[in-house]
Every structure is written in structure tokens, then in C-alpha cells.
Amino acid sequence: TAMDGLDKIIELNKQANGRIKIMPGSSVNESNVQAITSQTNVEEIHLSASRFRPSDMEFMNSKIQGMGSESGNENKIRSVDPAIIKKIRRLTTHH
């Protein structure tokens with residue numbers, strides 16, 4: 001995760017010295033984005049900001065649901081949640 005790799009992200013960001021953008025990702029969310037950006041001094045992050053909502057499917061076969069994974073459940077639709085994006089922007093905007 002980005003939190004697990006903070007030391008490496010700091011090192012890479014210093015080494016990049018503004019020539020390229022280092023973009024931490026992997027499990028970045030509302031609860032850790034401030035720690036990641038403040039400790040690493042990165043200017044950009046990568047996150048999914050996703051939420052699941054029930055599918056509008058009318059016919060569902062309970063014998064094939066999920067395909068072994070909750071995130072792969074065909075009875076749910078994954079989409080970007082604008083509220084999460086707004087919160088992340090608020091949390092990472094420097095005043």
C-alpha cells in the first residue's frame with residue numbers, strides 16, 4: 001500500500017526533483033491521504049474513490065453470484081463517488 005511504502009515514495013520524490021511526478025496509489029483513501037501527501041510532499045495521488053450500489057438487474061442467478069469475490073459481484077455496480085473526490089480535494093488542498 002502507499003502507507004507501507006512511504007519511505008520509498010519520499011526517496012523517489014526527492015530523486016525525481018520535480019522532473020517527473022510521483023503518484024502514490026494503492027489503498028489511498030480519506031483516512032490516510034493527508035498523512036501520505038504531507039509526509040511525502042507529493043502533489044498528485046491515485047485512488048479509486050469507488051462505492052458500490054445495487055444493480056438494476058431484474059433476473060439474478062444466486063448460483064453464480066460473486067464469482068468468488070465480493071468486488072466481482074454482478075449484483076453490484078462499482079462507480080466513482082463524487083463525494084469522496086470532494087472530500088479528498090478538501091483534505092489535500094493547501095491553504
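As a starting point, this report considers the structure included with it.

1. Brief notes about the pattern of salt bridges
Where charged atoms from two side chains of opposite charge come close, those side chains can pair.
And then number 1: Under the defined criterion, the tally for this structure stands at 4 salt bridges.
And then number 2: One salt bridge connects Lys-8 with Glu-11, and the closest N-O pair in it is separated by 3.6 Å. In this pair, Lys-8 and Glu-11 are both assigned in helix 1 (residues 6-16), 3 residues apart and thus about one turn of the helix distant.
And then number 3: Its relative accessible area of 47% is what places Lys-8 among the partly exposed residues.
And then number 4: Three or more residues are tied together by salt bridges with common partners; here these are Glu-30, Arg-51 and Asp-81.

2. Regarding the packing of helix 1 against helix 2 (residues 33-40)
And then number 1: The geometry of helix 1 relative to helix 2 is characterised by a closest axis approach of 9 Å and an angle of 40° between their N-to-C directions. Considering the angle they form, helix 1 stands oblique to helix 2. The way helix 1 lies across helix 2 gives a crossing that is right-handed. Contact with helix 1, carried on its side by Leu-6, Ile-9, Ile-10 and Asn-13, involves Ile-36, Gln-39 and Thr-40 of helix 2 and no other residues of that element.
And then number 2: When its residues are assigned to classes, the contact of helix 1 with helix 2 shows 4 nonpolar, 3 polar and no charged.

What counts as what
Residues numbered from 1 in each chain as written. Predicted model: local features only at pLDDT ≥ 70, side-chain atom pairs only at ≥ 80, totals over all residues. Heavy atoms only, no water. Salt bridge = Lys/Arg side-chain N within 4 Å of Asp/Glu carboxyl O. Helix = DSSP H or I, 4+ residues; strand = E, 2+ residues; numbered from the N terminus. Buried < 20%, exposed > 50% of the residue type's maximum accessible area, 1.4 Å probe, protein only. Axes fitted to C-alpha atoms, helices over the stretch in contact; angles between N-to-C directions. Parallel < 35°, antiparallel > 145°, perpendicular 65-115°, else oblique. Left-handed = near helix turned anticlockwise from the far one by under 90°. Contact = heavy atoms within 4.5 Å. Nonpolar A, V, L, I, M, F, W, Y, C, P; charged D, E, K, R; others polar.

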